[in-house]
Structure formats: structure tokens, C-alpha cells
Amino acid sequence: MLSLSCAQIEIIASNVYKAGITLPHLQGELIDHICCQVEELIRKGMDFEQAYDSIKHTIGVRELKKVQEDTILLIDKKYTIMKTTMNVFGILSLGLIAIGTIFKLIHWNNGTFFFLIGFPLLAGVFFPLLIWVMKKESKIKGNLLLYISAGIGGMALILGIFSKILQTPFTEFLLITGYLLLGIIFPILLLTNLLKKTTEKRKKITYIIGCFSIVLCISGDFCKFFHFPGALIMLLFGFFFLTAIFFPMYVFHNYKADTHIKPNFVFLSIGLCFFSLFTILLAISTSKDEIADFITINTGINSNKVFIENRNKELYKNLAKIEINSDSIDKATIQSFRIYTTELKNYIHQLKIDMIVMCDEITKTEAEKVIENPILFKEKGDRKNYFELFFPNKSIVSSSELKKKIRSYKKQLLSYSFTSERSKTIINKALNTRGTIIYNSSENPKSWEIAHFCQIPAIEVLNYLTQLEIWVQISEAEIIKDLFNHNSQYKSIAVLSNSKKLIVKH
């Protein structure tokens, strides 16, 4: 009776492994079955190559995978339910996220509604089931930590992106957890597992390059998201190693003996294409020098502020002359107006000082110099150290002290009987602290604090506070003008009254 050589049996076993048959007992059964069929054809006069090619055409990769799936289904009915559920929720969740994304891009309503359903389903249902099914099908022992890191990391990253869209307070924690597990722990565990399974030196080098490339790409993504330096370099190098070195080496070592294109190769190519496209776009959109943009913007804002401030000083000089001849009621009004205005402007200026002190950890005297020369602002991209300045008790739903003071100041200005309709319109617009509607949608508006002080770079907040000072000065100028008009009208009435008295006497 003819029997196959060890080398021939190894060729058959290798192709069974490559077909994705991971159940250990099924591997042995299939290898034995194929060997028996090949031996039968050899007895009929074929050589090994002809016999094995004939069997491969009869029993292809898809048939072998179907045998494994049918075997698992017969062994475990729970697996059937889980895999079906995974497929349903995977398609459903991704479909909802895609619809929500389209709605957001074309500025339609209810885009957030689809996200609220899609992201939780993807992270809470599909992803855990995906990890469970992969663990069930692979039957790899001793790698529980590998699946745990992939599962928790993936769910944390998905929920972190979802949290970023909704601007919730746990965004950074979720994203850091996801990046840490998927970008560091998971690649290390995966590389360790792959190195244990192979003895070929070239394959080991390929796996090391692949895992190193993934770590670089994910680390670059992390640095890009949190505005850390070095993001562009890591993304570019990660993309280069992944596409120009790892992919060709991996394809050569795993598919060089194949006579036709396998579905695994197609999926790998598509997945790498999308991942690389994302990496390239992220690298291209590298952040500009924020300080350069800020200096330009700050120069214009401060010029306007100085101009309006000097104009208001001249108005106050003229107002002081009128104040001397005014009655006690007008004098009290002018004095209270000055006090309210000075308090608010000082409060906003102090906020700028405190924010710089908290971000750069410097003294107040040094912070004053930063306001005069913003190029000295070191932590211009900081987004969290100043949080408590605008959100009491670290709660995004509470109103800030700044908002209360602005509203109180606006109410005081509008309460003056001499305030004109024109001034009221300007003051209402300049000192507006209502919620902000984004992209002209009909969704619930963001609060004033969230729109201007939550997860915003400190440099932009500094600019906005300076702009607030300008708006206060504009409102201040309008009231001073109204005081002039009121006083002029009062004098005209008094002169007219005195003239009438003189005419009556004569």
C-alpha cells in the first residue's frame, strides 16, 4: 500500500492551516481525509502534484471553512445564536452610524439620534460578540489576556469617539484607555503569540515590523488627537513601514504558494487600504502653528480693544464735565454705571490672568506679560487645566460666574430709563449668553459655557475673553452716548421752562 512522505503530508497540513481551520481535532481529521484521497488517486496512476491539485479543486478553501463552521454549529448551538446576533447587530450599528454621519455632513436633523443608537450597539453588543466568536473559533489556549485587551480597548475607543461627538466629560479617559490597550498592550501580546507559533526567522521579522508599524500609527493618532508633538512623524513612518515593508513581506510569505487569489488576501488589502487612507488624511491635516495664527488674531483684537478703550476715555472726559452740572439722580446713575462696568472688565481681565497661571504654572506678574506678548504663552493648546474657572464644581450643566455677571450687567444697562432702542439692540447682541446652535441645525443648542470654554484650546479662550472685553466696551460706549443725549434733552427742557417763566413775568 502506497503512503505519502513526511514532506508531502507537511504540504497538505500547511494548506489546511492556511485555509483557516483552527479547531485542533478538525485539523487532524481533514489532513487524514485529504491524505487518504490523494493516496487513492496516486494508486490510480497520478503523481502527487496531479493528485493533490485534483483534490484541491474538489475541496476548496470555502468548503474547508464550511466544514469547520458546520462542525462548530453541531458542537455548540449557543455559538449559532451568538454569531447570528453578532452579524445582525454589526450591520445594524454600522448602518445607523453611517446614516448619522451622512445626516451630519449634509446638515440634516436627527443625526445625533442615529449616533445615540448606533455607537452603543456597536460598542456594547457587536464588539463583545465579535471577540467571543473569534475566541470560540480560534480555540487558542493561554491567550485570554489578548482577547480581553482587544475587547476592552476596542469598546473604550468606540465609546471615546462617541463621547467626543457628544462632548461628555469622560472622553479623555475612554480614549486614553482605548489607545493604551489597542496601541501598546494588544500589539505586544499579539506579537508574543505570533513569535511562539512560528520558527521561521523571516516570518518573525515580518510580524515584528507589522506590530511596530501598528504601534507607530496608533501612537501617532493618539498624539494627533491630544495635540502632542511628534504626531506627524509617527504617522508617516507608521504608514511607510506598514504599506511599503510589512505588507509585501507578509503577502510573499503567506501567499507565495497559492495558485489563486484568496478572500483573505482581498480583505487584508481592503482593510489596509482604508487604514492607510485614514493615516494619510490624519497626517495631511497636521496642526498649524497655533501661536502664529493666534498672534495675528490677537493683534487685530487688541488693536480694536485699544481703539475703543481710548475712545471711551474721551467720552468719559466729556461725561465728567456734564456730571458736575447734573442733579443728584444723574450723578448716582453715572457713578453706579462706572462701578458696574469697571467690576466686569476687571473680572474678565482677572479670568485671563488666572487661566494663564493655571495653564503655564507661572506667577500673576508673569501672566500679565503673556497677555501683552502672547508668544510667551507656553501651554496654548491646553484644554482642561482652566476647566474649573468656567464650570463650578466641575459640572458642565452649571452656570459660570462669568455668565451670571454678564447677564447682571446687561440687565442693569437695559434698566436705565434713558437707554435708547438702538443701544438696547446693540447691548443684547454684544452681551448675548444664550445657548449656541451649531451648523444651523434644529438640535438642542449647546450652552454658552460649553460652546466657548469646554474642550477649547486655552489660546482660543484667551481670544474670546479679549473679545468679551471689547463687547463690554461697546456697550459701555452706547450708554455714555445715551447719557449725553439724556442730559442734552434735560437741559433743553430746563431752558425752555425758564424762557416761558420770563415771558409770563413780562
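Residues numbered from 1 in each chain as written. Predicted model: local features only at pLDDT ≥ 70, side-chain atom pairs only at ≥ 80, totals over all residues. Heavy atoms only, no water.

Asker: Mind showing me how you'd approach the overall build of the protein here?
Answerer: Summing up its helical and strand segments, the protein has 19 helices and 0 strands in all. Within the protein, buried positions represent 39% of all 506 residues. The contacts in the protein between residues at least 6 apart in sequence include a share of 67% that link residues at least 24 apart. Within the structure as shown, the protein displays about 29,200 Å² of accessible surface, and the carbon and sulfur contribution to it stands at 64%. (Helix = DSSP H or I, 4+ residues; strand = E, 2+ residues; numbered from the N terminus. Buried < 20%, exposed > 50% of the residue type's maximum accessible area, 1.4 Å probe, protein only. Contact = heavy atoms within 4.5 Å. Areas by Shrake-Rupley, 256 points an atom, 1.4 Å probe, with all protein chains shown as cover.)

Asker: Please explain the packing of helix H9 (residues 201–225) against helix H10 (residues 231–255) as it appears in this structure.
Answerer: When two helices pack together, their arrangement is given by the angle between the helix axes and by the axis-to-axis distance. Two elements in contact, H9 and H10, have axes separated by 8 Å at closest approach and are oriented at 155°. Here H9 is positioned roughly antiparallel relative to H10, judged by the angle of their axes. In terms of crossing hand, the pair formed by H9 and H10 is left-handed. Looking at the contact of H9 with H10 residue by residue, the classes come out as 19 nonpolar, 8 polar and 4 charged. (Axes fitted to C-alpha atoms, helices over the stretch in contact; angles between N-to-C directions. Parallel < 35°, antiparallel > 145°, perpendicular 65-115°, else oblique. Left-handed = near helix turned anticlockwise from the far one by under 90°. Nonpolar A, V, L, I, M, F, W, Y, C, P; charged D, E, K, R; others polar.)

Asker: Would you explain the environment of Leu235 in this entry?
Answerer: Mapped onto the elements, Leu235 comes out in helix H10. Judged by its relative accessible area of 2%, Leu235 is buried. Measuring from C-alpha to C-alpha, the distance between Leu235 and Ile214 comes to 9.7 Å, with 21 residues separating the pair along the chain.

Asker: Explain helix H17 (residues 421–430) to me, please; I cannot follow it from the model alone.
Answerer: Residues separated by three or four positions in an α-helix point in the same direction, a consequence of the helix having 3.6 residues per turn. Listed in full, the buried residues belonging to H17 are Ser423, Ile427 and Ala430. Buried residues of H17 fall within an arc of 70° about the axis and therefore sit on the same side. For H17, the exposed residues lying more than 90 degrees away from the buried face are Glu421, Arg422 and Lys429. (Arc of directions from axis to C-beta.)

Asker: Would you take a moment to explain the nonpolar core for this structure?
Answerer: Across soluble globular proteins, nonpolar side chains show a tendency to be buried alongside one another. In terms of nonpolar packing, the biggest core is built from 48 residues, with Phe337, Tyr386, Phe390, Leu402, Phe453 and Leu465 touching the most fellow members. The set of elements that each furnish at least two residues to this core consists of helix H12 (290–325), helix H13 (328–360), helix H14 (364–372), helix H15 (387–390), helix H16 (401–415), H17, helix H18 (448–453) and helix H19 (458–505). The biggest single contributor to this core is H19, with 12 residues. Contact partners of Phe390, with chain neighbours within four places excluded, come to Leu351, Ser400, Leu402, Glu449, Phe453, Val461 and Leu465. Counting 15 residues, the second-largest nonpolar core is a separate cluster that includes Met86, Ile97, Phe115 and Ala150. (Core = buried A, V, L, I, M, F, W, Y, C linked by side-chain atoms within 4.5 Å.)

Asker: Looking at this structure, how should I read the packing of aromatic side chains?
Answerer: Note on aromatic pairs: each is described by the distance of the centres and the angle between the planes. Within this structure, the stated rule accounts for 18 aromatic pairs. Between Tyr416 and Phe418, the ring centres sit 5.2 Å apart and the planes meet at 10°, which makes this aromatic pair stacked. Owing to a relative accessible area of 8%, Tyr416 belongs among the buried residues under this scheme. Across from the ring centre of Tyr347, 5.0 Å away, lies the NZ or CZ of Lys405, which sits over that ring. (Phe/Tyr/Trp six-rings, centres within 6.5 Å; stacked < 30°, edge-to-face > 60°. Lys NZ or Arg CZ within 6 Å of the ring centre and 35° of its normal.)

Asker: Sorry, what's going on with the pattern of salt bridges here?
Answerer: Any two side chains of opposite charge can pair, given that their charged atoms come close. Scanning all chains against the criterion turns up 9 salt bridges. Among the ionic pairs, Glu476 bridges to Lys345, the shortest N-O distance being 3.3 Å. Of this pair, Glu476 sits in helix H19 while Lys345 sits in helix H13, and the two are 131 residues apart along the sequence. When its relative accessible area of 2% is taken as the criterion, Glu476 is described as buried. Judged by relative accessible area, Lys345 falls into the partly exposed class, the value being 24%. The shortest N-O distance in the salt bridge between Glu469 and Lys352 comes to 2.9 Å. (Salt bridge = Lys/Arg side-chain N within 4 Å of Asp/Glu carboxyl O.)

Asker: Help me out: how do you make sense of the confidence of the model for the protein in this one?
Answerer: Detail in the predicted coordinates should be disregarded across regions flagged by low pLDDT. Chain-level pLDDT for the protein is 77 on average; 75% of the residues reach the 70-or-more range. Scored below 50 in pLDDT, residues 437–442 makes 5 contacts in the model with residues more than four places away or belonging to other chains. For the stretch residues 492–506, pLDDT sits under 50, and the model shows 0 contacts to residues farther than four places along the chain or on other chains. (pLDDT = per-residue confidence, 0-100.)

Asker: For this particular structure, what's the right way to read the state of the cysteines?
Answerer: Such a bond, covalent and formed between the sulfur atoms of two cysteines, is termed a disulfide. In the structure shown here, the tally under the stated rule is 0 disulfides. Just so you know, Cys35 is unpaired, no disulfide at all, and the nearest cysteine sulfur is the one on Cys36, 7.0 Å from it. Residue classification places Cys35 among the buried positions, given a relative accessible area of 8%. (Disulfide = S-S within 2.5 Å.)

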